[in-house]
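Per-entry structural report
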Amino acid sequence: AIRSAVGARHAAPRRDRARMTHHDSCDAAATAPEAHARELDRLLREMDDVKEIDFLATMDVFRADDASMSTSAVPRNASMMPDAFYACERTIAMSYACVRAVHAWTRERVAEEREDVDVAACALCVNGDHVTAWNARKRRLVRHGVDDDALRRELAFVSVILSRFPKAPSAWAHRRWTLTRAALDGACDLSSAFDAECCACDRAVVKKRMNYAAWSHRAWALGLLKDDWRAVERELTETETLVKRNVSDHCVMHYRSRVLLYFLNVRGDEIDVRLAHEITMIRELIAKYPGHESLWCYHRFVFYEIVRRTTTRNIDYLPSTSDFIEECCDVEKTALLDPTWAEHAGASQRRFALTFQRFAALVEKNHNARLSR
């Protein structure tokens, strides 16, 4: 009985110590997400001109480099949490565990206005399409106003987020809102912002092909040119190269259609020459790269513009259009390309050509009915 009592007396402190250790570990785990968020906020504030953020599975590769290479050859990590961040040369890399921690901590605090931590910026670094966080930054800009320095810093921050989330629609929408707000506050002239927006779109497209959000933003930026037809003509030349390089990219085709409409509106004396060039170019691409729906969509657009701007019943392009459709529907010629021609691109080519034939007949019918009224 005495031994058991003594043992119980000695066991109680051990249980208390174990309980205290457990509570300490729980407190450390609870503060770890906040520590990650504070470190990310510190890096964003103190690093000069951050250009890119990215996520990595682990930071072991950097520790291996640090151990095997000289200190002069390896950029030093500016982070005080090397297991979670690697920050150097205007780039911040975050581990996936760190991303989860920051996301968990900012989830319920994203709308808070704090002096010690920019919660919205931290939330956007791990989720670039966080609408609530972008709205928090809008409210801050409205409250403080948008001058030249604020505009530069905000666009730079959006570019950092787009480096990791190049397809985030909310990020592109915030970029448009910031430029419009700056113009209202007299902080910038929108007519001079077109080149910078094109560069931002180019960087996003390099990271993610078929980036509809980026191309839509570039189409919005066309409105900044006003009547600068030379800049629009340069866009036509540049997008022609892109179209020939990415024949399956609907986004490029859609953007080129917007540029073409803009050009036709500001250069009415060159409508016939430009449309003739467009129809010739797109038919050459269709013949060279059969079976791409994006090319046929743009072909329908150009054909409709030709018919819509014709004031007579005799449409010059109808005979050549019929010949082009027949050539694309040549089953025997297509069968020579591959014995299993039904699985060949020629099968899609024939289907697209027949669909366009019905579309052309409907456009011609509506055109004649319009002239009869």
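Here the structure is shown first, and the text comes after it.
From a predicted model like this one, the values you see are computed outputs, not experimental measurements. (Residues numbered from 1 in each chain as written. Predicted model: local features only at pLDDT ≥ 70, side-chain atom pairs only at ≥ 80, totals over all residues. Heavy atoms only, no water.)

Judged by pairing direction, the sheet is mixed, and its three strands sit side by side in the order E1-E3-E2 without closing on themselves. Each having just a single partner strand, strand E1 (52-56) and strand E2 (85-88) make up the two edges of the open sheet. Recorded for the sheet is a direction-independent mean angle of 15° between the axes of neighbouring strands. Here E1 pairs with strand E3 (residues 91-95) via five bridges, running parallel. For Ile53, the partnering residue across the bridge sits in E3 and is Ile92. (Pairing = 2+ DSSP bridges. Helix = DSSP H or I, 4+ residues; strand = E, 2+ residues; numbered from the N terminus. Axes fitted to C-alpha atoms, helices over the stretch in contact; angles between N-to-C directions.)

In this section: the pattern of salt bridges. For the coordinates displayed, the defined rule picks out 28 salt bridges. A salt bridge links Glu39 to Arg42; its shortest N-O distance comes to 2.8 Å. In this pair, Glu39 and Arg42 are both assigned in helix H1 (residues 2-46), three residues apart and thus about one turn of the helix distant. Arg42 sits in the buried class, given a relative accessible area of 17%. For Glu113, the salt bridge identified is with Arg143, shortest N-O distance 3.5 Å. With Glu113 in the loop between helix H3 (96-106) and helix H4 (119-126) and Arg143 in helix H5 (residues 131-144), the pair connects residues that are 30 residues apart, well separated along the chain. A relative accessible area of 46% places Glu113 in the partly exposed class. One salt-bridge network, held together by shared partners, links Glu34, Arg38, Glu112, Arg114 and Asp116. (Salt bridge = Lys/Arg side-chain N within 4 Å of Asp/Glu carboxyl O. Buried < 20%, exposed > 50% of the residue type's maximum accessible area, 1.4 Å probe, protein only.)

On to the packing of helix H9 (residues 212-222) against helix H11 (residues 250-266), then. Between H9 and H11, the least distance of the axes is 9 Å, while the angle of their chain directions is 5°. Overall, the two elements H9 and H11 adopt an arrangement that is roughly parallel. Together, Tyr212, Trp215, Arg218, Ala219 and Leu222 of H9 and Cys251, Val252, His254, Tyr255, Arg258, Val259 and Tyr262 of H11 make up the contact between the two elements. (Parallel < 35°, antiparallel > 145°, perpendicular 65-115°, else oblique. Contact = heavy atoms within 4.5 Å.)

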